[in-house]
Amino acid sequence: MRVYKTGEIRNVAVVGHGASGKTSLVDALAFVAGTSKRHGSVKDGTALTDYTADEIERKYSINLALAVAEWMDTKLNLIDTPGYLDFTGDALAGVCAADAAVVVVSATAGVEVGTEKVWDYGERRGIPRLFFVSLMDKEHANFEKVFTSIKERLTAKVIPVEIPVGEGPAFHGIINLFSKKAHLYRKGTKTGEYDEVDVPAEYQDRFAKYSQELIESIAATDDALLERYLGGEEIGRDEAIRAMKAGMVRGELYPLFCGAAELTYGTRALLSKLVELCPAPAERPAVDAQKWGSAERLTLTAADAGPFVAQVFKTISEPHVGDVTFFRVYSGSVKNGQDVYNAPRSASEKLNHLCVAVGKERTEVAELHAGDIGVVAKLRDTHTNDTLSSQSNQIVVPKIPFPEPVITVSVEVKQRGEEDKLSTGLHKLHEEDPTFHHEYSGELGQTLIRGLGERHLEIVVGRLARKFGVHAVIGKPKIAYRETLRGKGEGQGKHKKQTGGRGQYGDCWIRIAPLPRGSGFVFEDQIVGGVIPRQYIPAVEKGIVEAMHRGPVAGYPVVDFKVELFDGSYHDVDSNEMSFKMAGILAFRNVTPNCRPVLLEPIMEVEVWTPDEYQGAVMGDLSSRRGQILGTEPDGRLVKVKALVPEAGLDRYATSLHSITHGRGTYRQKFHTYEQVPPEITHKVVEAKKKEQEEKA
Ligand SMILES: Nc1nc2c(ncn2[C@@H]2O[C@H](COP(=O)(O)OP(=O)(O)OP(=O)(O)O)[C@@H](O)[C@H]2O)c(=O)[nH]1
Ligand SMILES: [Mg+2]
C-alpha cells in the first residue's frame with residue numbers, strides 16, 4: 001500500500017446497533033475498492049474485521065477493527081465497531097478516533113437502542129455523520145419506514161441522496177438523486193457493478209419529490225445558494241456536494257444512503273460519497289492538548305509540520321504476536337522505527353514495524369502522515385488511552401471518556417494457588433479495556449470484576465483463560481452486611497487461667513449503648529480508683545475492636561455504638577495486656593446479644609432512565625426488589641426514576657432492566673446508607689451465613 005498524505009485520508013467509523021450489517025459493509029467496501037482481495041462473510045467467519053477467535057465463533061463483533069478501502073486516490077480508514085452495548089466502549093473509541101461516521105440502520109429494524117447510543121456519541125464528539133440503510137434485500141425491508149424512524153428518533157435533518165429500486169427480495173437498484181440516474185445491479189454481481197439507466201417511469205414521482213427535498217435542504221444551509229435556487233437557477237452537482245459537505249460539518253445535514261452489503265449493491269456510490277463528503281483530518285477543528293506536567297494548553301492540527309502526537313484508542317492481544325496497539329496521529333508525522341515517548345508513564349517506545357491494518361493483515365509502511373491511523377505491535381508500556389509524543393516535546397490529548405461499568409460479579413480461580421496469576425491477568429485486561437474494572441474486597445474476601453454487561457464479563461473470563469492460563473468462575477458478589485445494636489446493656493468479661501507457672505487474669509465491666517447511624521465506634525474510659533491499671537485499658541479497647549468484626553446476629557461487623565468501661569479488677573502477678581484484651585472480647589460477646597442486635601444492609605440510590613412507555617414496568621420491578629421510589633422527572637427523551645433499593649435486591653439488575661425496556665433503559669447506582677434488614681430476610685441471611693461457615697469448616 002502506498003503512503004497517503006493528510007489530504008488523501010478519511011477516517012470513518014462504522015457504527016450502529018448489533019447485527020445491522022456494519023462488519024459486512026466494511027468488508028464489502030474494502031473488497032469492492034480492491035484493497036481486500038476476498039469478499040468475506042460474517043456467517044462463514046471470513047469477514048475482514050471479525051477475525052478474533054471469539055468473533056468467528058460467535059458471529060458478531062466484540063472488538064473494533066480496522067480496514068482500508070483505497071478509492072479515488074484516497075485512503076478510507078474504516079473503523080468497524082461492535083454494536084452490542086456490552087462492547088460499546090469500542091464504539092466510542094472508534095468514534096473518537098474518526099473524523100466522520102457512517103450510522104448503519106437495518107432496513108427491517110429501523111432505529112434501535114444501539115443506534116441511539118452511537119448517535120449520541122457522534123453528537124458529543126461533533127463529527128459529521130451519514131446514514132446507510134442496510135439489508136435492503138432482506139424480507140420486510142422498508143426504506144420509508146426507516147427514514148421516518150430516523151427523523152423521529154434521531155434527527156429531522158436527515159435527507160436521502162439515494163432511493164431504492166425495489167425492496168426486500170425485489171431490491172435491485174438505486175436511484176441517485178444527484179446524478180438523476182438509476183443504477184441497476186446485475187444479478188450475481190461481485191463488485192457492485194451496475195448498468196446506468198434513466199430513472200424508470202414508475203419511479204418518476206418519487207424521484208421528483210425526493211430530488212426537490214434534497215436540493216431544498218441543501219440550499220437552506222447556504223444563503224447564496226438559496227437565493228439562486230429561488231431565482232430559478234439550476235444548482236450543479238459539484239456545487240451541491242460542496243454545500244452538503246459544509247452543511248454536514250455544521251451539523252445541519254445528515255445524508256442517507258442505502259444498499260445491501262452482502263450483494264455489494266450500493267457500495268460504489270457509498271465509497272465515492274465517503275471520499276467526497278467526509279472531511280480530511282486537516283479539515284477538522286483543532287484538538288485541545290496539554291503540555292505534560294504543566295498547565296500550558298495548546299491546539300493540534302493535522303499537519304506534518306506540528307509536533308508528533310498520537311493517541312492509543314485500542315489495544316488487543318493476538319496469539320503469537322502479543323499486544324497490538326492502534327493509534328491515531330493527531331499532529332506531526334512518524335517514521336517506521338522512530339522513537340516516541342509516553343509521557344504519563346515516562347516510557348520510551350520504538351515504533352518498530354509501523355503498519356496499517358486491513359483486518360488481521362498488517363502491512364508495514366515507511367511513514368504515517370498527520371491524521372492517519374496506524375498499528376504497531378509489542379510496545380512495552382503503552383496502553384489504551386495513552387498519548388504518544390516525543391521526549392523533547394511531551395504532550396497529552398484528553399482521554400476518551402469510556403463508559404463506567406454497570407454490572408459487578410465475583411470471580412474465583414478454579415484451582416487454588418492461581419490467585420496471583422488471576423490478579424496479574426485482571427490488571428492487564430483492564431489496561432487493554434478501560435471499560436473493565438476489578439478490585440479485591442478484603443471485607444468480602446472476594447475479587448470483584450465490573451463491566452458493561454454479562455456478555456462483556458464472559459468474554460473477559462474467556463480471555464483470562466486463553467491469554468493468562470487462569471481458569472476462573474463467575475459468581476454472585478457478596479453483600480457487605482453490618483450489624484448494630486438497638487438497646488442498652490451491661491455486663492462483665494472475665495479471663496482467668498491458672499496453669500503451672502504464671503497465670504492469666506483480666507476482668508472488666510462494660511456498658512453498651514446505641515449511637516445514631518454513621519457515628520462509628522466510641523470508647524469511653526470511666527475507670528476510677530485504679531481498679532484496672534492505666535496500662536491495661538487500651539488492651540480492653542483493642543479486644544472490643546477485634547470482637548466487633550464479628551457481630552452476634554450473623555458474624556458481620558457491628559457499627560454505631562458506644563462502650564463505657566466502668567469497672568473491673570486485676571491481679572498483681574497474673575494480669576497482663578493479653579489477658580485484658582481477652583476480657584474485652586469476652587465482655588463484648590457477653591453483652592451484645594442483650595442489646596437487641598439487628599442486621600443492616602447497604603441501600604443504594606438508583607437512578608434509572610427509561611422511555612416513558614416502560615416507566616410503569618420499571619417502577620413495578622424496583623418495588624418488587626424492595627425499592628422505595630423517590631420520584632420521577634422527564635430528562636430529555638427519557639424519564640428518570642429515582643429510588644432507594646437494597647443492594648441485595650439489585651442482583652443482575654442490568655440484565656433485567658435491559659429486558660424490561662427492550663435495551664433502552666440505563667441506570668446508575670451509588671451507595672446511600674445502611675438500613676435495618678426486615679426480620680424475614682434477616683433469617684435467610686443468618687441461615688446462609690451459617691451454611692457458608694459449615695462449608696468452610
Ligand atoms: N440479507 C442480507 N443480510 C446481510 C447483509 N449484510 C449483512 N447481513 C447479515 O446480517 C447479519 C449481521 O451482519 P454483521 O455484518 O455481522 O452486522 P454487524 O452490524 O457487524 O453486527 P455486530 O458486530 O454484532 O454489531 C449477518 O448474519 C449477515 O450475514 C445484506 O446486505 N443482506
Ligand atoms: Mg460487526
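Located above this text is the structure these notes cover.
Residues numbered from 1 in each chain as written. Chains lettered and ligands numbered in written order. Predicted model: local features only at pLDDT ≥ 70, side-chain atom pairs only at ≥ 80, totals over all residues. Heavy atoms only, no water.

Visitor: Give me the lowdown on the packing of helix 14 (residues 615-624) against helix 15 (residues 653-660), citing residues and values where you can.
Guide: Between helix 14 and helix 15, the least distance of the axes is 10 Å, while the angle of their chain directions is 150 degrees. It follows from the interaxial angle that helix 14 and helix 15 lie roughly antiparallel. The handedness of the crossing between helix 14 and helix 15 comes out as right-handed. The residues of helix 15 that touch helix 14, namely those facing Ala617, Val618, Asp621 and Leu622, are Tyr653, Ser656, Leu657 and Ile660. When grouped by side-chain class, the residues that make up the contact of helix 14 with helix 15 number six nonpolar, one polar and one charged. (Axes fitted to C-alpha atoms, helices over the stretch in contact; angles between N-to-C directions. Helix = DSSP H or I, 4+ residues; strand = E, 2+ residues; numbered from the N terminus. Parallel < 35°, antiparallel > 145°, perpendicular 65-115°, else oblique. Left-handed = near helix turned anticlockwise from the far one by under 90°. Contact = heavy atoms within 4.5 Å. Nonpolar A, V, L, I, M, F, W, Y, C, P; charged D, E, K, R; others polar.)

Visitor: Residue-level account of empty space enclosed by the protein, with values.
Guide: Within the structure shown, the criterion is met by four cavities of 30 Å³ or more. Considering only enclosed or pocket space, the largest cavity measures out at about 120 Å³ in volume. Contributing to the lining of the largest cavity are 16 residues, with Ile62, Phe87, Asp90, Asp433 and His456 lying nearest its centre. At the level of secondary structure, the elements contributing two or more residues to the lining of the largest cavity comprise helix 3 (88-97), strand 14 (309-318) and helix 11 (454-468). Among the elements that line the lining of the largest cavity, the one with the most residues is helix 11, at four residues. In terms of residue class, the lining of the largest cavity is built from four nonpolar, six polar and six charged. (1 Å grid on protein atoms, 1.4 Å probe; cavity = no way out; pocket = protein on both sides within 12 Å on 5 of 7 lines; lining within 4 Å. Points joined across faces, edges and corners; volume = space filled by probe spheres on them.)

Visitor: Lay out unusual backbone geometry in plain terms, naming residues and giving numbers.
Guide: One non-glycine residue, leucine 135, lies in positive phi territory at about 55 degrees. Checked against the element boundaries, leucine 135 lands in the loop between strand 5 (129-134) and helix 5 (143-153). What makes leucine 135 partly exposed here is its relative accessible area of 21%. The residue threonine 264 is not glycine, and still its phi comes out positive at about 65 degrees. Locating threonine 264 in the fold gives a position in the loop between strand 11 (254-258) and helix 9 (267-277). (Buried < 20%, exposed > 50% of the residue type's maximum accessible area, 1.4 Å probe, protein only.)

Visitor: I'd like to hear about the side chain of serine 134, residue by residue, with values.
Guide: Following the sequence through the fold, serine 134 ends up in strand 5. Among the polar contacts made by the side chain of serine 134, one reaches the main-chain carbonyl oxygen of serine 20 at a distance of 2.5 Å. Ignoring sequence-local partners within four residues, the contact set of serine 134 consists of Ser20, Val104, Val105, Ser106, Ala107 and Gly259. (Polar contact = N/O pair within 3.5 Å; in protein donor to acceptor, adjacent residues only side chain to side chain.)

Visitor: Account for the environment of isoleucine 537, with residues named and values stated.
Guide: Position of isoleucine 537 among the secondary structure elements: in helix 12 (residues 537-547). In the structure, isoleucine 537 is positioned 49 residues away from lysine 488 in sequence and 22 Å away in space, judged by C-alpha atoms. Every residue in contact with isoleucine 537, bar those within four places of it in the chain, is listed here: Phe523, Asp525, Ile527, Ile532 and Leu565.

Visitor: Which residues make up the layout of surface pockets, and what are the values?
Guide: To find leftover empty space, a probe the size of one water molecule is rolled over the atoms. Of the pockets and cavities examined, the second largest pocket occupies roughly 550 Å³. Lining the second largest pocket we find 25 residues, and of these Ala19, Gly21, Ser24, Val42 and Leu135 sit closest to its centre. Per-element tally for the lining of the second largest pocket: the top contributor is helix 1 (residues 22-32), with three residues. Per-class residue counts for the lining of the second largest pocket are eight nonpolar, nine polar and eight charged.

Visitor: Before we move on, could you go through the environment of tyrosine 51 and cite the residues and values that matter?
Guide: Topologically, tyrosine 51 is positioned in the loop between helix 1 and helix 2 (53-58). Tyrosine 51 gets classed as buried once you look at its relative accessible area, which sits at 14%. In this structure, the C-alpha to C-alpha distance between tyrosine 51 and threonine 484, residues 433 residues apart in sequence, is 55 Å. Look past the residues within four positions of tyrosine 51 in its chain and what remains in contact with it is Ile56, Ala65, Glu318, Phe326, Gly359 and Lys360. At a separation of 3.3 Å, a polar atom in the side chain of tyrosine 51 contacts the side chain of glutamate 318.

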